[in-house]
Every structure is written in C-alpha cells, then in structure tokens.
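The residues making up each chain are set out below.
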Amino acid sequence: MADRMQMYRLGAALQNFPPGSLNNLANSLNNLANSLYNRFEQRGVPSDLDEAIELHRSALLLRPAGHSERSSALINLSISLQRRFEHRGVPSDLDEAIELYQAALLICPPGHSHRFACLNNLATSIYDRFKHRGVPSDLDEAIELHRATLLLCPPGHSDRSASLNNVANSLLNRFEERGVPSDLDEAIELYRTALLICPSGHSSDRLASLNNLAHNLLNRFEQRSVPSDLDEAIELYQAALLICPPGHSNRSASLNNVANSLLNRFEERGVPSDLDEAIELYRAALLICPSGHSSDRLASLNNLAHSLLNRFEQRSVPSDLDEAIELYQAALLICPPGHCFRFKCLSNLATSIYDRFKHRGVQSDLDGAIELHRAALLLCPPGHSDRSPCLAGLANSLSNRFKQRGVQSDLDEAIELYRAALLLCRPGHYDHSMSLHNLANSLLNRFEHRGVPSDLDEAIELHRAALLLRPPGHSARSMSLGSLANSLFNRFEQRGVPSDLDEAIEHYQAALLLRPAAHSDRSMSLNNLANSLRTRFNRWGVPSDLDEAIELDRAALLLRPPGHSNRSISLSSLAHSLDDRFKQRGVQSDLDEAIELYQAALLLRPAGHTDRSRSLNNLAMSLQTRFEQRGVPSDLDDAIELHQAALLLCPPDHSKRSLVLSDLANSLCIRSWQRGVPSGFDEAFRLYAQLSYLSHAVSHTDLTAAKTWTISAEVTNHDSALLAYQTALKFLDQHVTILSPSPHLFDVVRTATASLAMDACSCSIRHGALKTAVELVEQGRAVFWTQLARLRSPLDELSLSGDTGAALEKEFKQLSFGLRSAFERSTEEQSPQMRQLTIQWNDVVSRIRMLPGFSRFLLPPLFSNLQKAAEEGPVIIVNASQYGCDALIVFSAQDPVHVPLDIPQTKVSELSSELQSLAEQFGASDCQFRLVSILRKLWDRVVDPVVRALEAFEIHHGSRIWWCPTAEFTLLPLHAAGPYGKNKNNLSDIYVSSYTPTLATLIRARQRVSQEVSAQHFVAIGQANPDGGKELCHVAPELAIVAQRLAPVVSFTSLEDDDATVQGALAALNHNQWLHLACHGMPHRTQSFDSSFAMRDGPLMIKEIIRSDWQSPEFAFLSACHTTVGHKKSPDEAIHLAAAMQFSGFRSVIGSMWSVDDEVALQVVSVFYRKLVDGSGRLDCTRAAVALHKTVKSLRKKIPLEQQIVFVHIGV
C-alpha cells in the first residue's frame, strides 16, 4: 500500500517533468537524501533521517529492475534504514535493510563494482541482528560474508585492513558465545595481519590494531595461561602508548591498558617491578583525568586504589593501604546517592577499611566497614548482579566482629548472609566454591562456640563440595584442603571417629605441599599438620608422629616472629607438643620449655581474646604436671588459679566447659589429697556435679570428663560416685546416638567405655542400688547392637496411638530403612548420606518422645522392663570390675538378688588367659587335668555361690537358667563349672544353662514369636573345601545326618561345596527360618566385623550378616570353630558370629567357644537333632538348650571334656 501511494505521488510529480528527465530526478532525490543524511549525522535531528529514507525510497522506485543504478539505490536506502535502526532500535528497519542488501547482492555478481559494498554492508547488518536477537545462524552467516568480503580485498587494497578486522571481530564474538578455541586463534592471526599493513606512525588505525591484537592475546592468556601471550600483549600495549603522547585523547586508556596487563602478569608471576610499574602508570592516568564526576576519573581512582591494596597485601607497607582508602573515599565523593556505581564505591571502601582493621585492630574500622557494607547492600536489591558479593562482604565483617567480641547475633546474621549469597551463586557460578567455603567456615565457627553437631556436619559437606570445584592446579585448592581438614579434625575431637583424623592429616599434608617456603599461609599449614599429628600420637602412641609434630611446630614459629598476629597459636602448639613428649619420655627440659611457651602465648591473648580460656587451661595443666614431678606447691596453686580463670570464660553452653570443669576439679582433688584439706574435695565434686547439667550436644570430651569424675569419686570414696557413673553412661548413650551405626561406631565405643559399665554396676551394688546396677550394666554393654536394634524397633503401639503417631511411625520406618540401606551401601566410614539420615532419625525420635506414653521411646530400659528377660527362668549377671566381682540374679517378679563373689578381677583375667592359652593346646596329654582345674576354680569362686542362692529361692534342679557374663567372664565356660569329684554334681547336673549377651537381647528374642506357617523351612549349608582353607572331612556326612533327621518333618534344602558360596548362603537364608551351618569359623580378634564363615568363594563376614533382613528366622546351629569369640579388648561388645546371627533375628543359636573337632561335631549333631524334634513332629527353637544339654550328657563317655563343653546355647 505504501509503495502504491508512493507511486501515485511520484506519478503526479512526474507530470511536471519533461520526457527523458526521470534519471535526473532520481539523481536529485538521491542527492537531497544524502544531504539530509549528512545533516542528521551532524545534528542528530530525527526528521532529517526519516525524510532521507523517504527520498531514497522514491529514488529506488525510479530505478526499477534492470536499471544500471538500481544496486546503488538499494544500498543507499539500506544504509539509511540501518542507521535508523542503530538510532532507534526498531527491528523492522534492520530486517528491511538486510532484505535490501540481499537484493542488491543478487544484482552485483562477482566483478561488479558494488559487490564489495554489498557483501560488507550485508555482513555488518546481519552481525547487528545477531547482537540484537542472538540467533546463532546470523553470526555464522555474517562471518562467511566477511570472509567473502576479505577475498575481494587482496594485499594492497585500501579496505583490506578494515576487512581483516571485521572477520576477526565476528570470529571473536563467536568464540565468546561458543568457546571454540580455533575461532580465537584465527581472530588473533587476522588482527596480526591487519597490524602488519598499518603504517608506522601515530595513525588511529595502527592504534586500534595494536589494541585489538593485545586485547585478544590477553583474552587467550586468560583462557590457556600461555606466558608468551601475556608478554606480547604487554609489548603491544606499550607500543600503543608510544603513539599516544601527552595530550592524546587515548593516552589515559593506553596507560590503563599497560597497567592492567602488568598487574595481570604480577598476579601470575609475582615480579614486584610489574606491580610497581602498574601503580605508576595508574597514577599517570589519574593525573590526566580532569576533576569532576567523570567516569574516566572514577575508573582511574579505583584502578590505582586496587593496585595499592594489592601491594599492601604483598608487602604490608601501611602507606599503601592508607592511600588506597583515601582514593576509595575520593571515588565515593564523585558517586553521590543515585549514581549507578555508588554501591561499588561503598563496597570497595568497606573492604579496604576492613583490611586496615585486620592489620591494626582498630575496632572503629571494623564497625565502619560493617556500616559501609550495609549501605552497599541496600543499593543491591534482590535481582542485582552484584548482590552476592555484597552479601559476602557484610558477612565476612560480621563474622570477624563475632570473633572479636563474641556477640552471637553477629555470627547468626553472617551465616544467614552467607546462605543468601550461596543461593545466588548456583553451581557453575564462578563464586560458587567461595560461597560454599565461606558458609562452611561460619558454621564451623558456630559449632565451636555452641556445639550443635548438625553445624559441623554441614560445614564438612560444604567444604567437600568446594574442594571438588577446586581441582589440582586451582589457586584456592590449598585453602579448601586446609578448611576441610580443620572441620574433620574438629569432628574427630567431638566424636572420636579415627577415619576423620586420618583424612584430616592427609588433607593437611596435601595443603602444605601447595604452600612452599614463601607462601603466606605456610605457617598455618605447618601448625595445623603438627596439631593433627600430635593428636594422633595421643590416641595411638606412634613416637614418630610426635617428633614430626615438634619439628613442624618449630618451623611454624620461625615464620611467626614477634608481632605476627598468629604467633600465640604457634607458641601454644609447640608447647603442647613438648608437653606431650615430656609425658612420654620424661625429659625435664621439654616440660620447662613448654611452660615458658604457654606463658608467652597467654601474654598475647589478653582479656577478651577468644582463645584466652584455652591458654589459661593449657598453662594450668603443664604447671600441674610439673607439680606432680617436683612437688613445688606454688605450681599447683598457680594451676588452680588459672583453671578458675579459664572456667569464668566458659559459660554453661560453651563446648569446652566440661573439660575445664574436669581439669579444675581434678587439681582441687590433688591439692586436698596432698595437704589434707577436706574442703577442697567438696569444692571439686560440686564442680564435677555441674557436668550432669550440660546444655549442649554431648561430645567425646564431655564423656571423658564424666569418666574422670567417676575415677576421682572412686579414689576418694565420694558419695557422688553413682551420679558420676549415671552421668557418664547417659553421655555415652547420647554420644552414640549422633554417630551413624557402622562398624566404626564400635571403635569409638571401645575406646570410650573400657570398663565403665562394669564399674558402674559395682558402684551401684556397693551403694545397695541393685536395680540401678542392672540398668547401668545393661546400658553400657553391647552398645553397637543396642544402637543397631533401635533401627529395627517394633512400632505397633506407636501406629495405633493416633494420626500423629501413625505419621511418625511411617517417618521413623522410612528413616530407619534409609539409614540401614546407607550403611549397607556405604564404603566410607561416615558417608554424607549416613550423617544426614542420622540427624533426621534423631529428630523424629525426639518428636516421638513428646507423645503421651512414649517419653522413654528407645531410651535405656528401666529395671521393670529388663526383668521380663527372666520370665522363663532367672538371668544371672556376672560382673567383673576393678572394684570387685559380683553376681546379680534377676527374677521376673522380685528385686535382684546380690551374690558376692570371692574373686578379684585380676584372678578372673588370669583364669581367662589361662583358658585361652590352653584352648590352643587341646588334645595334648595334660590338657584335661588343667581344664578341670580351671572349671573347679570357677565353681568354687563364682558358680557355686550362685547355685546356692538359686536353691535358696527354690529354683528347682533341671530348670533353665541364663548366664549374662561381663568383661573377662564372657570368655569363661560358666556352664561347665563344677567340682568334678566323685559323687559331686557339676552345674550341668543341676541346671540347663543358656547365655545371653544382654537382657534386652533376650527380651527381643522372646518378643519375636514364631509365625505359624504350614511348613517349616530348614537349610543345611556345608563347606568342606573353602577358598584357601583346610579341608573338613566330615562336613558331607554331617549334612547327610541332618537331612536324615529333618527331611521327614520339615521342608529341607541342602547347600554344599560349589553351591555353598557367600551369595548362595545369603539367598538361602531369605527363604529358610532354620539353619545348620558346617564350615570353618574364622574369628578376627582385632577387627571383629571381619570375623567370618569360610565359604567356597570367600568369607561370609559379620558385616554382611547384619546387613541382612531375613524373615522370621528361628534357629541356627553354627557347627564351626570360635563362633562366640569377639574382640580381645572389648568382649562386652559381643561382636562375634553367634551374636551377629542372634541380632539378625535368630531367636536361638548354638555356637562354639573354641575349636571344634570335625568328627566330634558329627556325633553331637546326630544326637542333637534326634532330641530336638518334639512328639508333634515339628521343630521348636525353645527346645534347643535342653536338646543340647541332653546331647552332651549322652556323649560324656565318648568325647573328651573340652569337646563336651565347647558348644553353648544363646537365646530363648
């Protein structure tokens, strides 16, 4: 329509022109249009450009297809439209211009004088459309058109330089879009070629070419770090500066280009002269920037300030920092409220003032930095591109103020700010790793002050995530390694998991390797590694760890001369190492030097310093040690005063309060003991009693402090002893619940408890608290099994308690299943998933306990619950403690009965050792005599007093009894004790004995009532030729006898030889409730979870057994050696093969105490199964104990004594 109207107007106008003058009219229109276009370029009046376009349209109509000047008319109109698009941004103008250029190109074949202009303009307009709309094909087309244009500009052509630059510019744009290295390389070569054809001199083209090539070499250096690219870029920038003499309009930009590239090289190589030259160039650039609010002056002020701040960080010259702050203040003055860069100026000034605080400690600088950061943040609302660094800057300052003044709200606010910053730095963001790092450090800081376990676990996971983003070669890798190591070390101190300490040491070592002699953080790395090695020495006693720690501490101290902000840390660390070496080797000079170093460290930690309490306590402990060595009273008095000062700095919620309480109380006890002042004991035990009111999550340190209380109370015969044991065992239970249930939990428990439960039981008995004695000995033994059982708790009552209870039951089941599954899958000692699930599991347990009637859900059971274990017969707890040995008989309907035992724990240990030694020699000529001697001593000292008590309570002969031995008693055959004399009854002639590891285990076995099924499923598994093991000759006949006895009455399956594999055995147990297992038993006395049954393809280990979830298993006969033998140092944890089978659900288990003779096993099995089948023809697992009892009785004259008593019954 527009074209028709234009034609109409033009037709009317043409009537006034004589024939043959149309070409002149077109030229006139074109000339007028060009004049208007030029006036627009001069004055910028939009109507001039609009009129020029209309005139060019009219001229085009006068030059129809075939006209010799049509291409010129098309090009002229396109140029005007493209210019209007650049001015107003109307997309249709650009689209029309491109269509017109394309039409012009079609009528300008190769060789046409206008073809170059058509190609070049079309390429430029399509490139503009790409920049406006981002369609990748436009960029590719523009590049090809520029390439075609370049082909029309051979060497010597006046437009060759411009064409080279056009192709290079578009290739560079594609590189920035897609990252294809060849595009950048080609662009650089084109820029290089363009520079070669620019004549020397001060021409603007040469300046542009020098800068273009330099910019892109710098770009490639940032991508690939090739040093020659950076060096060449600097030379080119310097050449560009030479053609920008004073007064030149580009001199300021050239000065900044050279300075920026020199600063880049300094940061890469650390050559001081590069930084110095950059600073001088920035100064020169600032001098030629006129005063006022110009953007160039603002950039110059900031550039010079940044570089001075950089030099200050390198050389610590105070004037550099002061000048940088003045420049940032000047920059802020020319950015009044409303200026787009004001937030940046506020942020820069805040950072520099914060740096001044860190170096000079003026508190007003810290407060000023925080206020400036707050002001900057207000100017970066949600959605602002710089909000993340503003959040982090404020968080950093608040975090530091917390360290200085201890105001909790500062730390909490910092953590929330770091979280907000992390949300804005998603994976892939260049600041993601730093955001993870900052949040992790602040959480670790909060954990150290409040002791919330979830803060520590989250910090570790965040540090792990940050480390993954900083692979080898990353500049911040050493920082991430060190931070992760710090967190792991902290968690080791909290929970005592050995793998955390080992991993921390590995990361500290890796960080140190990345921090050579001149590295600013080397001293910190030396210190951290020394501290972790010293800690490992204290746990495992390897002397080389301590010697290495001392050397590292000395090296760190040399790097921290007087005046260094971290000198007190190095002084304290070296003192600690020397103190430990003194305790190991007794060299007096080590102790004296340690005290001097602790005193020097304390002087550097005045009132208000966050580490002052630790310094006070450390010095106190070393003075106390010297008192114990030399007996100088003033040392002990000074130690007590220092402990008291330290305690004042540890409020009730402080994570180290229990340590300081314990140390002070211990010192007071020592002084009272030395000087005979009873009041000192009262004060000491008032302090110890405060441990029972701890408000933070229980740590390994708290448990250690409570154990110290028990020892002090026992030594002084103080009446708080029982409370001390109750507190220690409560701490043990709370500590264990925050640990994931893995085999490594057992290692923690083993080192944490030692004889705690047995000593607590003894203390309770001595106080006449027999019910409490039963509760405490139960609470502190078999802790691993107890914790694992919590994941399999029956929840019928909870599900029936209402909607809330049903929802919590579902959540608890899901988390328990998830935790078990994570444990089964995990190859790590404490996987992130297991830690997170443990936190969630503990939370749901807390919510369940809030329900009416569930306040003791999964808490240690009370005596009223425990005595249910005796419903089928009395349970005898036989306790061995350093304070005395006792038996407690638990009945189902009365209080426990105490039976004193006339045997000290040392004698029990001797008997146990003697038996273990003898068991290795069974079969020798005098073994039976020596065995009888042991069994007689057991009878006289232990079993006979119990039997007399049972008879006094009318427990009829032939009744069943259950033994629940502790400590060394677990390794002794109580069931076989007797006088072994003519016409005298042994225990086996009086009662039918069974065993149970704990009362709760027996109760759980009774609660798992057998489900009535039409057929009982029995599997017999035999492996006579295990992988790498000795052949067992009687396995096949043994399985044949089992089949002969049972096939008629049960659904029977047999697995032998090649079918008896690890997976084969586990699969069979998924479908069978009854098991007979004949194979080698392989106990592991130091790594109990590696104890195993030997299968055809390898070991079936405890850790695989306890991961199983078998349906209603009933009975297992373990016809294998050593199946009741657990960890040699922790027999009370009952980590052995028979216990694993019992925990996995088997209600009744027969196991062995030592090696089983292959042929004897055949005889025992034959008689046992004949006696097990009852009159109804069905199997009943509750008959197993009696069946075994009768079997042994019938074989007494046929097999040797040690084989008569090797098998024991465990369970119902």
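The residue numbering used here restarts from 1 in each chain and proceeds along that chain's sequence as written. Under the rules for a predicted model, residues below a pLDDT of 70 receive no local features and side-chain atom pairs below 80 are neither given nor counted, while totals for whole chains, interfaces and linings still include all residues. To get the side-chain values, take all heavy atoms of the structure and skip hydrogens and water.

### Section: the overall build of the protein
Across its full length, the protein holds 52 helices and 14 strands. Radius of gyration means the value over C-alpha atoms here, while the globule rule gives 2.2 Å times the residue count to the 0.38 power. The globule rule puts the C-alpha radius of gyration for 1212 residues at 33 Å, and the 43 Å found for the protein is more than 25% above it. Dimensions of the protein, computed from C-alpha atoms along their principal axes, come out at roughly 155 × 80 × 55 Å. Under the scheme applied here, a residue whose accessible area is under 20% of the maximum for its type counts as buried, over 50% as exposed, and between as partly exposed, the area being computed with a 1.4 Å probe on protein chains only. Within the span of the protein, comprising 1212 residues, buried residues form 55% of the whole. For this analysis, residues touch if any pair of their heavy atoms sits within 4.5 Å. Expressed as a percentage of contacts within the protein between residues at least 6 apart in sequence, the contacts between residues at least 24 apart total 66%. In short, Shrake-Rupley with a 1.4 Å probe defines the accessible areas, and a residue's cover is counted only from the protein chains shown. Total accessible area computed for the protein in this model is approximately 51600 Å², and 52% of it derives from carbon and sulfur atoms. Strands here are runs of E lasting at least two residues and helices are runs of H or I lasting at least four, both read from the DSSP assignment and numbered beginning at the N terminus.

### As for helix H42 (residues 905–919)
The first and last C-alpha atoms of H42 sit 21 Å apart over 15 residues, in line with the 21 Å expected at 1.5 Å per residue. What H42 keeps buried is the set Val 908, Leu 911, Ser 912, Leu 915, Leu 918 and Ala 919. Each buried residue of H42 lies within a common arc of 130° when the element is viewed along its axis, so the set occupies one face. For H42, the elements touching its buried residues are strand S2 (884–890) and helix H43 (927–952). Helix span, as expected, comes to 1.5 Å for every residue beyond the first. Starting at the helix axis, one direction is taken to each C-beta atom, and the arc is that of these directions.

### Some remarks on the pairing of strand S13 (residues 1148–1152)
Consecutive side chains of a regular strand alternate in pointing toward one face of the sheet and then the other. In terms of burial, S13 is largely enclosed, as 5 of its 5 residues are buried. By the alternation rule, side chains of S13 split into Ser 1148, Ile 1150 and Ser 1152 and Val 1149 and Gly 1151, which are all buried. Strand pairing is defined by DSSP finding a minimum of two bridges between the two strands. Examined bridge by bridge, strand S12 (residues 1115–1119) and S13 share 3 bridges and lie parallel to one another. Note that in S13 the partner of Phe 1117 across the bridge is Ile 1150. Pairing between S13 and strand S14 (residues 1207–1211): 5 bridges, direction antiparallel. Bridge pairing in S14 links Ser 1148 to Gly 1211.

### Some thoughts on helix H11 (residues 227–242)
Counted at 1.5 Å a residue, the expected span for H11 with its 16 residues is 22 Å, and the 23 Å between its end C-alpha atoms agrees. Residues Asp 229, Leu 230, Ala 233, Ile 234, Leu 236, Tyr 237, Ala 240 and Leu 241 constitute the buried set of H11. Each buried residue of H11 sits inside an arc of 165° when the element is viewed along its axis, so together they form one side. Facing away from the buried side of H11 by more than 90 degrees, the exposed set consists of Glu 235 and Leu 242. In this fold, the buried residues of H11 make contact with helix H9 (181–196), helix H10 (204–224), helix H12 (251–269) and helix H13 (272–287).

### Looking at the packing of helix H27 (residues 588–603) against helix H28 (residues 612–630)
Between N-to-C directions, angles span 0 to 180 degrees; the directions come from axes that are lines fitted to C-alpha atoms, helices contributing only their stretch in contact. It is at 9 Å that the axes of H27 and H28 come closest, and there the two elements cross at 155°. Overall, the two elements H27 and H28 adopt an arrangement that is roughly antiparallel. As for the relative orientation of H27 and H28, their crossing is left-handed in sense. For the pair H27 and H28, contact is made by Gln 588, Leu 591, Asp 592, Ile 595, Tyr 598, Gln 599, Ala 601 and Leu 602 and by Arg 612, Ser 615, Leu 616, Asn 618, Leu 619, Ser 622, Leu 623, Thr 625, Arg 626, Gln 629 and Arg 630, respectively. Three categories are distinguished: nonpolar for Ala, Val, Leu, Ile, Met, Phe, Trp, Tyr, Cys and Pro, charged for Asp, Glu, Lys and Arg, and polar for the others, with Gly belonging to the last. Residues of the contact of H27 with H28, tallied by class, amount to 8 nonpolar, 7 polar and 4 charged. Angle categories are assigned with fixed cut-offs, so that under 35 degrees is roughly parallel, over 145 is roughly antiparallel, 65 to 115 is roughly perpendicular, and the rest are oblique. For any pair of crossing helices, the crossing counts as left-handed if the nearer helix is rotated counterclockwise from the farther one by less than a right angle, and right-handed if it is rotated clockwise.

### Some remarks on the packing of aromatic side chains
Here a Phe, Tyr or Trp ring, Trp counted by its six-membered ring, pairs with any other such ring whose centre lies within 6.5 Å, and the pair is stacked when the planes are under 30 degrees apart, edge-to-face when over 60, and tilted otherwise. Overall, the coordinates contain 13 aromatic pairs when judged by the stated rule. Taking the centre distance of 5.9 Å and the plane angle of 80° together, the rings of Phe 1018 and Tyr 1169 count as edge-to-face. One end of the pair, Phe 1018, is in strand S6 (residues 1017–1022); the other, Tyr 1169, is in helix H50 (residues 1158–1172), with 151 residues separating them in the sequence. Summarising the burial analysis for this pair, Phe 1018 and Tyr 1169 share the class buried. Relative to Tyr 1169, the ring of Phe 1117 lies with its centre 6.1 Å away and its plane at 35°, an arrangement referred to as tilted. On the criterion of sequence distance, the pair formed by Phe 1117 in strand S12 and Tyr 1169 in helix H50 is long-range, its members being 52 residues apart. With respect to burial, Phe 1117 and Tyr 1169 carry one shared label: buried. Put simply, the rings of Phe 1018, Phe 1052, Trp 1074, Phe 1115, Phe 1117, Phe 1168, Tyr 1169 and Phe 1207 pair up and form one aromatic cluster.

### Some points on the sheet that holds strand S11 (residues 1098–1101)
Pairing is antiparallel in the open sheet, where 3 strands are placed in the order S9-S10-S11. Looking at which strands have only one partner, the edges of the open sheet turn out to be strand S9 (1081–1082) and S11. Sheet strands in contact with helix H47 (residues 1062–1069) are strand S10 (1092–1095) and S11, and its direction is about 35° off that of S11.

### Let's talk about the confidence of the model for the protein
In low-pLDDT segments, the atomic positions of the prediction should not be examined closely. Confidence along the protein averages 85 in pLDDT terms, with 90% of residues attaining 70 or more. Each residue carries a pLDDT value, the predictor's own confidence for that position, ranging from 0 to 100. Mean pLDDT per element in the protein: helix H1 (residues 2–14) is the minimum at 44, and strand S3 (residues 897–900) is the maximum at 97. Contacts for the low-pLDDT stretch residues 1–15, under 50 throughout, to residues beyond four places or in other chains number 11 contacts. Taken together, the stretch residues 823–831 has pLDDT below 50 and engages in 19 contacts with residues farther than four places along the chain or on a different chain.

### Some points on the state of the cysteines
One way to say it: the disulfide is the covalent bond shared by the sulfur atoms of two cysteines. By convention in this document, the label disulfide applies to cysteine sulfur atom pairs within 2.5 Å. A full pass over the atoms with the stated rule returns 0 disulfides. There is no disulfide at Cys 153, and the cysteine sulfur nearest it, in Cys 118, is 14 Å away. Under the relative-accessibility criterion, Cys 153 is labelled buried at 0%. In this structure Cys 927 is not part of a disulfide, and its nearest cysteine sulfur, from Cys 1121, lies 16 Å away. Exposure remark for Cys 927: the relative accessible area of 2% places this residue in the buried category.

### Some thoughts on a nonpolar patch on the surface
Where nonpolar side chains cluster on the molecular surface, the patch consists of Trp 673, Ile 711 and Val 715 and spans about 350 Å² of accessible area. Relative to the helices and strands, Val 715 resides in helix H32 (residues 700–716). By relative accessible area, which is 53% here, Val 715 ends up exposed. Patch rule: a residue counts if its relative accessible area is over 30% and it has no salt bridge; like charges are joined within 9 Å, and nonpolar side chains (Val, Leu, Ile, Met, Phe, Trp, Tyr) within 5 Å. A carboxyl oxygen of Asp or Glu within 4 Å of a side-chain nitrogen of Lys or Arg is what we treat as a salt bridge.

### Quick word on the pairing of S10
Burial along S10 is two-sided: the residues Ser 1092 and Ala 1094 and Phe 1093 and Met 1095 are all buried. Both S9 and S10 contribute to a ladder of 2 bridges, which runs antiparallel. From the neighbouring strand, Met 1082 faces S10, where its bridge partner is Ser 1092. Of the strand pairs in this sheet, S10 and S11 are connected by 4 bridges, and their pairing is antiparallel.

### Some thoughts on empty space enclosed by the protein
Summary: where empty space remains is shown by rolling a probe the size of a single water molecule over the atoms. Within this scheme a cavity is a closed region of a 1 Å grid, computed over the protein atoms alone, that accommodates a 1.4 Å probe without allowing it to escape, whereas a pocket is open but has protein on both sides within 12 Å along at least five of seven lines; lining residues each have an atom within 4 Å of a point. Grid points are joined across faces, edges and corners, and a volume is the space filled by probe spheres set on the points. Applying the stated criterion to the full structure yields 6 cavities of 30 Å³ or more. By volume, the second largest cavity amounts to about 60 Å³. As for the second largest cavity, its lining consists of Leu 915, Gln 916, Thr 970, Leu 971, Thr 1124, Val 1125, Met 1153 and Trp 1154. Class assignment of the residues belonging to the lining of the second largest cavity gives a composition of 5 nonpolar, 3 polar and no charged.

### Some remarks on the environment of His 576
Topologically, His 576 is positioned in helix H26 (residues 567–585). The spacing of His 576 and Tyr 598 is 22 residues in sequence and 8.2 Å in space, taken between C-alpha atoms. Beyond its immediate chain neighbours, meaning those up to four positions away, His 576 contacts Arg 534 and Tyr 598.

### Describing the pattern of salt bridges
Applying the stated criterion across every chain yields a total of 62 salt bridges. Linking Arg 311 and Asp 320 is a salt bridge whose minimum nitrogen-to-oxygen distance equals 2.8 Å. What makes Arg 311 buried here is its relative accessible area of 13%. As a salt-bridge pair, Asp 412 and Arg 446 come within 3.2 Å of each other at their nearest N and O atoms.

### Overview of unusual backbone geometry
Look at Glu 954: it is not a glycine, yet its phi comes out positive at around 60°. Along the chain, Glu 954 turns up in the loop between H43 and strand S4 (960–965). Phi at Asn 983 is positive, roughly 60°, even though this residue is not glycine. With respect to the secondary-structure elements, Asn 983 resides in the loop between S4 and helix H44 (987–990).

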